[in-house]
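# Fold and contact review
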Protein chains: 2
Amino acid sequence: MTVRAHSGRRPGESGTREAILHAARRQFAELGYDRTSMRQIAIEAGVDPTLVSHFHGTKQELFLSVIELPFQPADVLPGLLAGDPQDAGARLARFVLGVFESEQGRSQIIGLVRAAASEPAAARLVRDLLTREVFTPLAEGIGSDDAAYRASLVGSQIVGLVMARYIVALEPLASRGQAAVAAAIAPSLQHYLTGNV
Amino acid sequence: MTVRAHSGRRPGESGTREAILHAARRQFAELGYDRTSMRQIAIEAGVDPTLVSHFHGTKQELFLSVIELPFQPADVLPGLLAGDPQDAGARLARFVLGVFESEQGRSQIIGLVRAAASEPAAARLVRDLLTREVFTPLAEGIGSDDAAYRASLVGSQIVGLVMARYIVALEPLASRGQAAVAAAIAPSLQHYLTGNV
């Protein structure tokens, strides 16, 4: 099937789908879930508004298609959790700060956290994604009886760092260097991983 | 000046202002900043839409009129920070969890955090309020050279707890008891207050 765009260009179906995903990714990250509309995505992608739902379903389904983690937990968690357990907090803190200091990683995680704070349906999507992709593998890596609880405590500090440092830009946390902040939160992550919780 | 509502009732000006504030408080908390509209506030308050901006200015100004902290930092921080400095993290953690477990306190803090994650203008309003009302007095209470940095690290863990436990409802953190969660985060807050950051 070929889709004829209003402009007279004739992108193939895959080009149209990709243009919609590109616009959706940008608007969800910049505007947050609530203020992103299917209509504005269609306008930015240069396609008829009906094609957005035709190819990508509901707003929630489209959101699920474009949210991405800035790293593949299955690739990195085993390495971070291997080695001396008493240093795992420091390794995790350095890794997380490294991801967030890249523009793409920061933009992806900000989009996720802002969606989590928006309407309850979006919060559920984010919770399910994070539980499946991050917290379950993290808990498996921790391996203790109460590993799922420990993983969710680690998550609370990391989400709070994203909010305070990157979204709210609370000073002086927002302007401290990456290595200093990693060193400051490492003992908290270590406490959640191996301490008395 | 007397305002005549559409219904034919004749509330006084103060009644109209109060009805608008009441509707605004409810909608900002339930829907978040982005999805709350001046028009819907007017409808819920039963007043003409023009009166909302007439009495309360812009959406940002109205938001500022209704956001409230669930506690008065000036009243509670000195007591929490007095006494053995090595127990201050535990006292702060118990206090915070106690506030969040009351329905009103939780609803106020959820409204604040959700607004902070919404559009940048609202995030700035929340940051300025928290800096003035919470972080500056907290830093004064901590009193060390790097007290402002310590206060912002404390803030990152508390905001993250609100996100993970109350907004995203990440399990098993969301369903653990108040005392257990306070005990789990206390060493992290203690680290930020007096540890090597």
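Quick summary incoming for the structure in this document. (Residues numbered from 1 in each chain as written. Chains lettered and ligands numbered in written order. Predicted model: local features only at pLDDT ≥ 70, side-chain atom pairs only at ≥ 80, totals over all residues. Heavy atoms only, no water.)

### What about the packing of helix 6 (residues 88–101) of chain A against helix 10 (residues 178–194) of chain A?
Residue and element names in this part refer to chain A. Closest axis-to-axis distance for the helix 6/helix 10 pair is 7 Å, and the angle between their directions is 135 degrees. Taken together, helix 6 and helix 10 sit at an angle that is classed as oblique. Read as a crossing pair, helix 6 and helix 10 show a hand that is right-handed. Of the residues in helix 10, those touching helix 6 at Ala 88, Gly 89, Ala 90, Leu 92, Ala 93, Arg 94, Leu 97, Gly 98 and Glu 101 are Gln 178, Val 181, Ala 182, Ile 185, Ala 186, Leu 189, Gln 190 and Leu 193. Classifying every residue of the contact of helix 6 with helix 10 gives 11 nonpolar, four polar and two charged. (Axes fitted to C-alpha atoms, helices over the stretch in contact; angles between N-to-C directions. Helix = DSSP H or I, 4+ residues; strand = E, 2+ residues; numbered from the N terminus. Parallel < 35°, antiparallel > 145°, perpendicular 65-115°, else oblique. Left-handed = near helix turned anticlockwise from the far one by under 90°. Contact = heavy atoms within 4.5 Å. Nonpolar A, V, L, I, M, F, W, Y, C, P; charged D, E, K, R; others polar.)

### Examining the nonpolar core
Core analysis: the biggest nonpolar cluster contains 139 residues, and A:Leu62, A:Met163 and B:Met163 have the highest contact counts within it. Apart from the residues within four sequence positions on either side, A:Met163 is in contact with A:Val113, A:Val168, A:Ala169, B:Val113, B:Ala116, B:Ala117, B:Val159 and B:Met163. (Core = buried A, V, L, I, M, F, W, Y, C linked by side-chain atoms within 4.5 Å. Buried < 20%, exposed > 50% of the residue type's maximum accessible area, 1.4 Å probe, protein only.)

### So, the layout of surface pockets
Think of a ball as big as a water molecule: rolled over the atoms, this probe shows where empty space is left. Residues and elements named next belong to chain B. Estimates place the volume of the largest pocket at around 320 Å³. The wall of the largest pocket is formed by 15 residues, among which Arg 25, Arg 26, Ala 29, Ser 107 and Gln 108 lie closest to the centre. Residue assignment for the lining of the largest pocket shows that the elements contributing at least two residues are helix 1 (13–35), helix 4 (59–66) and helix 7 (103–116). Among the elements that take part in the lining of the largest pocket, helix 1 stands out by supplying six residues, more than any other. (1 Å grid on protein atoms, 1.4 Å probe; cavity = no way out; pocket = protein on both sides within 12 Å on 5 of 7 lines; lining within 4 Å. Points joined across faces, edges and corners; volume = space filled by probe spheres on them.)

### Points about the packing of aromatic side chains
Tallying each qualifying case throughout the model produces 10 aromatic pairs over all chains. Taking 5.8 Å as the distance between ring centres and 15 degrees as the angle between the ring planes, the aromatic pair formed by A:Phe28 and A:Tyr33 counts as stacked. Taking the relative accessible area as the measure of exposure, A:Phe28 reaches 4% and is therefore buried. Ring centres 5.1 Å apart and planes at 70 degrees place the aromatic pair B:Phe28 and B:Phe63 in the edge-to-face group. One end of the pair, B:Phe28, is in helix 1; the other, B:Phe63, is in helix 4, with 35 residues separating them in the sequence. Given the relative accessible area of 2%, B:Phe63 is considered buried. Linked through ring pairs, A:Phe28, A:Tyr33 and A:Phe63 together constitute an aromatic cluster. Over the aromatic face of A:Tyr149 sits the side chain of B:Arg176, whose NZ or CZ is 3.9 Å from the ring centroid. (Phe/Tyr/Trp six-rings, centres within 6.5 Å; stacked < 30°, edge-to-face > 60°. Lys NZ or Arg CZ within 6 Å of the ring centre and 35° of its normal.)

These results come straight from atomic positions and should not be treated as a statement about function.
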